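Structure at a glance
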Amino acid sequence: MKRVVQESCYLFPQLPEELEGRECLLRVPYEWHDNLRAVNKRWKEVVNSPQFYQDRKRLAILEPYICLVQDSNQVNVYHPSQNRCRSLPLPPIHDEFGVHPYRSECISVNYNLIFMGGSVWINRNNLPERHLVAMVVMYNFSRKQWLRGADMPIARTHFACSVSPEGLVYIAGGESFEIMAEREATVYHTEEDRREILPVMKQGERRCSGAFLEGKFFVITHEAEQIFDVKTRKWTFLDDLWRCSEFLDRNLVTAHGRLYLFEGQSVMEYNCEENVLAWVGFTPRRFILIECLAVCGNGEKVFVYGWDKRLKQVCYIYSLPTKETSHELELRLQHEHEHELELEHEYRLRPARG
């Protein structure tokens, strides 16, 4: 007699009906999700579903990871709370080029880590030839596998890129084969894997950085700034503000709807209403070059990685200022300013030595 084994439609058949077995699965740490998938087909479908990620996000139990592309072209994943690092499988872009593209944009959208654009050097007839990349690849942390996305309409590098609260990826500017400063702009719908063409910019921008603030996409360089309003679908120029740094494509980060600039040892916050930069803090060491800025800790901290003046690679976890710390900083700056005025007044009253 042939025995038929039928899987239950319930996640935990032994539990009382009023208990949600799904709530138990949601609280299992990410590193054990492979074990959950191996239990049966039903559990695998639940863990791989996009709703599983959304529910973990709703319950505030998502685990933050920081992804770095090392010199070995390996994508490493760092877990800040556990202070552990592991490597992801090589992305499919290695099958075509053998290396990871230089200055490829890396962004995180929900449970996807997305790489797009960049440039590679290919030897043809024993001569190195620069090749720009239009390929888009993404690592799905829910399924733990690499996927191919829709290629960019134009192969480019050093372009502005940012993610809206709805998970839409806005792209503009950069360098292409034909044009040194592109005007073309698009928005990428990750869930549908499709692109939408946006109105062209007022002028082309190269080596630019992107930020999404208050429903607007900012394209920023050390020479000019342009803003795309999502509602009006129009580009406008912004008064000059960012001439303080040559490496803005690496020094900007957005957290909790606020834009921060890391320059040298200073940390500055951008005020949209007044269009000014305000100093809010400093890093333990002065950076001569910042390679990576990544938001972690539910948007309250920033991972800073770069080179100091001694040409040593250093990294810090920087806690962004809250309203309380900002008020304390304002009082401290006011006290230091008053102390400087007192010293200046005392110096002026001193008799000159002859």
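Residues numbered from 1 in each chain as written. Predicted model: local features only at pLDDT ≥ 70, side-chain atom pairs only at ≥ 80, totals over all residues. Heavy atoms only, no water.

Things to note about the side chain of His-33
So the rule is basically this: Helix and strand assignments come from DSSP, with helices taken as H or I runs of at least 4 residues and strands as E runs of at least 2, each series counted from the N terminus. Accessibility here uses a 1.4 Å probe with only protein chains present; expressed as a share of the type maximum, an area under 20% marks a residue as buried, one over 50% as exposed, and anything in between as partly exposed. We call two residues in contact when some of their heavy atoms are within 4.5 Å.
Tracing the backbone shows His-33 in helix α2 (residues 33-37). Overall, His-33 belongs to the buried group, its relative accessible area being 3%. Setting aside its immediate chain neighbours within four residues, His-33 contacts Val-28, Val-47, Phe-52 and Arg-56.

Here we look at the packing of aromatic side chains
Selection rule: Whether two aromatic rings pair depends on their centres lying within 6.5 Å, for rings of Phe, Tyr and Trp, where Trp uses its six-membered ring; planes under 30 degrees apart make the pair stacked, over 60 edge-to-face, and the rest tilted.
Summed over the entire model, instances satisfying the criterion amount to 16 aromatic pairs. A centroid spacing of 5.3 Å and a plane angle of 35 degrees characterise the contact between Tyr-170 and Phe-212, whose relative ring orientation is tilted. Of this pair, Tyr-170 sits in strand β11 (residues 168-172) while Phe-212 sits in strand β14 (residues 209-213), and the two are 42 residues apart along the sequence. Taken individually, Tyr-170 and Phe-212 each receive the classification buried, so the pair is uniform in this respect.

Considerations on unusual backbone geometry
Positive phi, close to 55 degrees, is recorded for His-158, a residue that is not glycine. Residues other than glycine seldom take positive phi values, yet Arg-207 does so here, at roughly 50 degrees. Mapped onto the fold, Arg-207 is located in the loop between β13 (194-198) and β14.

With respect to the environment of Ile-179
Here Ile-179 lies in the loop between β11 and β12 (185-189). Along the primary structure Ile-179 and Arg-156 are separated by 23 residues, whereas in three dimensions their C-alpha atoms are 9.5 Å apart.

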